[in-house]
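So you can see what is in the structure, the chains are spelled out below.
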Amino acid sequence: TDSFYRVTADLTGPISQDGSWAYRVNAAYQDNESFRDMVTLKRYFVAPVVTKQFNENSKLTISGEFLKEKSREDLGIVWVRDAARTGWMDPGVPLSRNYGEPWERSDITKQILRAVYTLKHSPTWNSRVTGQAHFINNPIQQVESISLAADNRTFNRQAFWLNRHEDTLSLQLDTVGRFDTGPMAHTLLFGADITSWAGRSNVRRVPLAAIDIYQPVYVGTAPNFSVPPVTNTRFTNYAYATYVNDQISLARDRVQLVGGVRW
């Protein structure tokens, strides 16, 4: 069977009587099944935004994104050797057949929190400060294919387990100004940013019973993944930069020249 359901909502309005505080919330829910056996997806999403207008020259915007997704992977379609064993052919099984397992799952949890403060210094100059935190967690347990046996029907598999998470923090400051030098109109941007990433990826693999592609018998329950990890990687990275960019307009905006430097 296959089905698809999606519901969305969009709410907005003032929070304070003077309108200096305002909000907006976008939300969505999705539930769908595939024509492929055991392949499903459920997704929950909320994105709130709150703004504070201090005066005509300064504003703060705080926003977030929250995503939770549950799905099952699709192992794909198996083809078999032809009679002469010189090529491949469709085994003639139903297109809906999945050689994975009902215990497979991929869970994604993602959170983003962002704050942007803008300040207008003059009619031609303004600055912006942006801070962002991004967190993602993605535990997975699924079936991996290994090979098709010589009997042309036994599909060898293994079980795969992954726990991956990643955190990203960033801060950016930029200033934009507009001015003229003779016949040239400049839009000058300069600023700096810094970003840090930290995360971990832990992978485990265990044996799993083979399956007959014509008469599949599923294991039904998840194997014991309490084995030493195949990989257990942790990482931490930092990056910082400064930059300047100038857009020059000539001949009544008919010619645009853009140049920049980033270190």
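Treat the numbers as computed from the prediction; the structure is a model and nothing was measured. (Residues numbered from 1 in each chain as written. Predicted model: local features only at pLDDT ≥ 70, side-chain atom pairs only at ≥ 80, totals over all residues. Heavy atoms only, no water.)

Draft legend 1. Spotlight on unusual backbone geometry. If you check the backbone angles, R85 has positive phi at about 55° while not being a glycine. Secondary-structure assignment places R85 in the loop between strand 5 (80-81) and strand 6 (88-89). For R85, a relative accessible area of 45% corresponds to the partly exposed category. Of note in this structure, A251 is not a glycine but carries a positive phi near 50°. (Helix = DSSP H or I, 4+ residues; strand = E, 2+ residues; numbered from the N terminus. Buried < 20%, exposed > 50% of the residue type's maximum accessible area, 1.4 Å probe, protein only.)

Draft legend 2. Here's a closer look at the pattern of salt bridges. Overall, the coordinates contain eleven salt bridges when judged by the stated rule. Between E166 and R164 there is a salt bridge, with its nearest N and O atoms 4.0 Å apart. R164 sits in the partly exposed class, given a relative accessible area of 28%. Residues D193 and R262 are paired through a salt bridge, measuring 3.2 Å at the closest nitrogen-oxygen approach. Pair noted here: D193 is in strand 10 (residues 184-212) and R262 is in strand 12 (residues 255-262), with a separation of 69 residues, a long-range link. Linked through salt bridges whose partners overlap, the residues forming this network are K70, R105 and D107. (Salt bridge = Lys/Arg side-chain N within 4 Å of Asp/Glu carboxyl O.)

Draft legend 3. Local environment of the environment of N156. Position of N156 among the secondary structure elements: in strand 9 (residues 154-181). Dropping the residues within four chain positions of it, N156 is found in contact with S145, I146, S147, A149 and A210. (Contact = heavy atoms within 4.5 Å.)

Draft legend 4. View of the environment of S3. Among the secondary structure elements, S3 is positioned in strand 1 (residues 3-14). Sequence-wise, S3 and N32 are 29 residues apart; in three dimensions their C-alpha atoms are separated by 5.2 Å. Ignoring sequence-local partners within four residues, the contact set of S3 consists of D31, N32 and E33.

Draft legend 5. Summary view of the sheet that holds strand 7 (residues 105-120). Read across the sheet, ten strands follow the order 1-2-3-4-7-8-9-10-11-12 without closing on themselves; strand pairing throughout is antiparallel. Among the strands making up the open sheet, the edge pair consists of strand 1 and strand 12. Taken over all neighbouring pairs, the strand axes of this sheet differ in orientation by 15° on average, direction set aside. Examined bridge by bridge, strand 11 (residues 231-250) and strand 12 share eight bridges and lie antiparallel to one another. Among the inter-strand pairings, L250 is bridged to a residue of strand 12, identified as V255. (Pairing = 2+ DSSP bridges. Axes fitted to C-alpha atoms, helices over the stretch in contact; angles between N-to-C directions.)

Draft legend 6. Local environment of the packing of aromatic side chains. This model, assessed by the stated rule, comprises six aromatic pairs. Seen from their ring centres, F54 and Y117 are 6.3 Å apart, and the 65° between their planes marks the pair as edge-to-face. One end of the pair, F54, is in strand 3 (residues 40-55); the other, Y117, is in strand 7, and 63 residues separate them in sequence. We classify Y117 as partly exposed; its relative accessible area is 32%. Summarising the aromatic geometry, the rings of W103 and F225 are spaced 6.4 Å apart at their centres and angled 70° between planes, so their arrangement reads as edge-to-face. Of this pair, W103 sits in the loop between strand 6 and strand 7 while F225 sits in the loop between strand 10 and strand 11, and the two are 122 residues apart along the sequence. Residue class for W103 comes out buried when judged on its relative accessible area of 9%. (Phe/Tyr/Trp six-rings, centres within 6.5 Å; stacked < 30°, edge-to-face > 60°.)

Draft legend 7. Fine view of the side chain of D31. The topology assignment puts D31 in strand 2 (residues 21-33). Separated by 3.2 Å, the side chains of D31 and Y29 make a polar contact. Excluding residues within four positions of it along the chain, D31 makes contact with S3, F4, Y5, L41 and K42. (Polar contact = N/O pair within 3.5 Å; in protein donor to acceptor, adjacent residues only side chain to side chain.)

Draft legend 8. Region of interest: the pairing of strand 1. Little of strand 1 sits inside the fold, with one of its twelve residues counted as buried. Sheet analysis places strand 1 next to strand 2, joined by twelve bridges and oriented antiparallel. From the neighbouring strand, G13 faces strand 2, where its bridge partner is Y23. Counted along the chain from strand 1 to the antiparallel partner strand 2, the turn is six residues long, and its residue G19 has a positive phi close to 80°.

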